[in-house]
Amino acid sequence: MNKLRFRVPLVIMVFGLWAILVLPITTPKLIIGVVLSVIFLIIPFPGAEVYGDLKFSFKKVAYFIAYIFYFLWAVVKSNLDVAFRVLSPQLPINPGIVKVKTKLKSSLGRLVLANSITLTPGTITVDIENEFLYIHWINIDTENQELATGKIVQGFEKYLEVIFG
Amino acid sequence: MIDIIASVVILVGALFLLLASIGLLRMPDLYNRMQAGTKATTLGSILIFLGFIILNGDNWSKYLLLIIFIFFTNPLSSHALARAAHFMGINPILDRESEISPRDDLKTEKDTEAES
């Protein structure tokens, strides 16, 4: 029964998605959502333990909202950068795969970090091995692993470290 | 007025999608095509959905859900493609002059492991 606790954050998220989907919310819809969420809570399925890393606190919620805005800004900035590279006649790219190190411990935090890196144009997470991420970078401008870590990872890490630990 | 703002937002989104397709044609190898092709579409489609939200405010929650869906699925698919390509043995390094030597950390590590 201890495992049931791990699934609570997941069920809350599923219920939140349901609520967004059926807005404006009425009593029958609310009842259906609650019933479905409880079924989700009882049926066991593999992989749900990952969500046990989540712990609620107001500081984390505040950091999560700040992270969303930081992330959107990073996406817009790097989109413009890649757009410039695509349009410029010399095609100024220097691609390769770099290895960077992350401080994040929880697997969910690493998942969100890898997905954020992949979503920002110019970088794709190719592989992940414990605390090292292998990232395809469209324009390598440093030979140093620490500098590459600072440029790609640390901006996101600052927020994710507080949210996921 | 709202129509004009929404049209501009949708137009900018379409512009990003156009840039993605130009990138697909211009980039030299698979990984860089993915950089241009899969990512510019993120911002492009999000801007288009944002335009829809401005135009049709009643259904904002559905469009928001679509944006969240794109945010979750897009990185997974591009990561899977890149990983599969790398294990197929496609070389990410280009033959071209540059000050900083391009490198492939993943490949060199796997090779040294295989040799030892």
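Here, the structure is the one placed above.
Residues numbered from 1 in each chain as written. Chains lettered and ligands numbered in written order. Predicted model: local features only at pLDDT ≥ 70, side-chain atom pairs only at ≥ 80, totals over all residues. Heavy atoms only, no water.

## As for the pattern of salt bridges
Residue and element names in this part refer to chain A. For clarity, the cut-off: The working definition used for a salt bridge is a side-chain nitrogen of Lys or Arg within 4 Å of a carboxyl oxygen of Asp or Glu. Where helices and strands are cited, they refer to DSSP runs of H or I of at least four residues and of E of at least two residues respectively, numbered from the N terminus. Only protein chains enter the area calculation, which uses a 1.4 Å probe; residues under 20% of their type maximum are buried, those over 50% are exposed, and those in between are partly exposed.
According to the stated counting rule, one finds three salt bridges over all chains in the structure shown. Where R85 meets D81, a salt bridge forms, and the shortest distance between an N and an O atom there is 3.3 Å. Taken together, the residues R85 and D81, both in helix α3 (residues 58-87) and four residues apart, mark about one turn of the helix. Here D81 falls in the partly exposed class, since its relative accessible area comes to 32%. Residue E161 pairs with K103 through a salt bridge whose shortest N-O separation is 4.0 Å. Here E161, found in helix α6 (residues 154-164), pairs with K103, found in the loop between β1 (96-101) and α4 (107-119); they are 58 residues apart in sequence, far enough to count as distant. A relative accessible area of 47% places K103 in the partly exposed class.

## Quick notes on helix α2 (residues 30-55) of chain B
Put simply, the test is: Take the number of residues in a helix, subtract one, and multiply by 1.5 Å to get its expected span. The angle between axes fitted to the seven-residue stretch ending at a residue and the seven-residue stretch beginning at it gives the bend at that residue.
Spanning 26 residues, α2(B) covers 37 Å between terminal C-alpha atoms, matching the ideal 38 Å at 1.5 Å per step. Where α2(B) bends most, at B:T41, the angle is about 25°.

## Describing the side chain of A:T102
Residues and elements named next belong to chain A. Our working definition: Contacts described as polar in this section are N or O atom pairs within 3.5 Å, which, within protein, must combine one atom able to donate a hydrogen with one able to accept it, while residues neighboring in sequence count only if both atoms come from side chains. Whether two residues are in contact is decided by their heavy atoms: any pair within 4.5 Å suffices.
Mapped onto the elements, T102 comes out in the loop between β1 and α4. Exposure remark for T102: the relative accessible area of 2% places this residue in the buried category. For T102, the side chain forms a polar contact with the main-chain nitrogen of L104, separated by 3.1 Å. Side chain to side chain, T102 and E157 meet in a polar contact 2.8 Å long. Apart from residues lying up to four places away in sequence, T102 is in contact with R110, L113, E131, L133 and E157.

## Some thoughts on the interface of chain A and chain B
We count it as follows: Reported buried area values correspond to the accessible surface (1.4 Å probe) lost by two parts on association, with both partners' losses combined. Residue polarity is assigned by list, with Asp, Glu, Lys and Arg as charged and Ala, Val, Leu, Ile, Met, Phe, Trp, Tyr, Cys and Pro as nonpolar; anything else, Gly included, falls into the polar class.
The interface is formed by 44 residues belonging to chain A together with 44 residues belonging to chain B. Both sides of the chain A and chain B interface together cover about 4000 Å² of buried area, and 64% of this is carbon and sulfur. The largest contributions to the chain A side of the interface with chain B come from A:V86, A:I97 and A:L119, which together make up 15% of the buried area. Linking chain A with chain B are one salt bridge, by the criterion used here. A salt bridge links B:R83 to A:D127; its shortest N-O distance comes to 2.6 Å. Joining chain A to chain B, the criterion identifies nine residue pairs in polar contact (both at pLDDT 80 or more). Those elements that provide at least two residues to the side of chain A that touches chain B are α1 (8-22), α3, β1, α4, β2 (123-129) and β3 (132-137) of chain A. For the side of chain A that touches chain B, the element with the most residues is α3(A), which contributes nine residues. Each residue belonging to the side of chain A that touches chain B can be placed in one class, and the counts come to 26 nonpolar, 13 polar and five charged.

## Topic: the pairing of β3(A)
Regular strands place their side chains on alternate faces of the sheet. All names here are of chain A. For clarity, the threshold we go by: Strand pairing requires that DSSP identify at least two bridges connecting the strands.
Of all six residues that make up β3, five are buried, and the element is covered over most of its length. In the sheet, β1 pairs with β3 via six bridges, with the strands oriented antiparallel. By the bridge assignment for β3, K99 is matched with Y134. The pairing of β2 with β3 spans six bridges and is classified as antiparallel. Along β3, the bridge assignment pairs I128 with L133. Taking the residues between adjacent antiparallel strands as the criterion, β2 and β3 are bridged by two residues, where N130 takes a positive phi near 50°.

## Notes on helix α3 (residues 60-87) of chain B
Residue and element names in this part refer to chain B. Compared with the 40 Å implied by 1.5 Å per residue over 28 residues, the 41 Å span of α3 between its first and last C-alpha is a close match. Of the residues making up α3, those classed as buried are S61, Y63, L65, I67, I70, F71, N74, P75, S78, A82, A85 and H86. Immediately downstream of α3, the backbone of G89 shows phi near 95°, a positive value.

## What to know about the sheet that holds β2(A)
In plain terms, the rule: Helix axes use the C-alpha atoms of the stretch in contact, all axes being lines fitted to C-alpha atoms, and the angles between their N-to-C directions lie in the range 0 to 180 degrees.
Read across the sheet, three strands follow the order β1-β3-β2 (chain A) without closing on themselves; strand pairing throughout is antiparallel. In the strand order of this sheet, the two ends are held by β1 and β2 of chain A, each with one partner. For this sheet the average axis-to-axis angle between neighbouring strands, irrespective of direction, equals 30°. Set on the sheet, α2(B) makes contact with β2 and β3 of chain A; between it and β2(A) the angle comes to about 115°. The sheet strands contacting α3(B) are β1 and β2 of chain A, and the helix crosses β2(A) at an angle near 70°.

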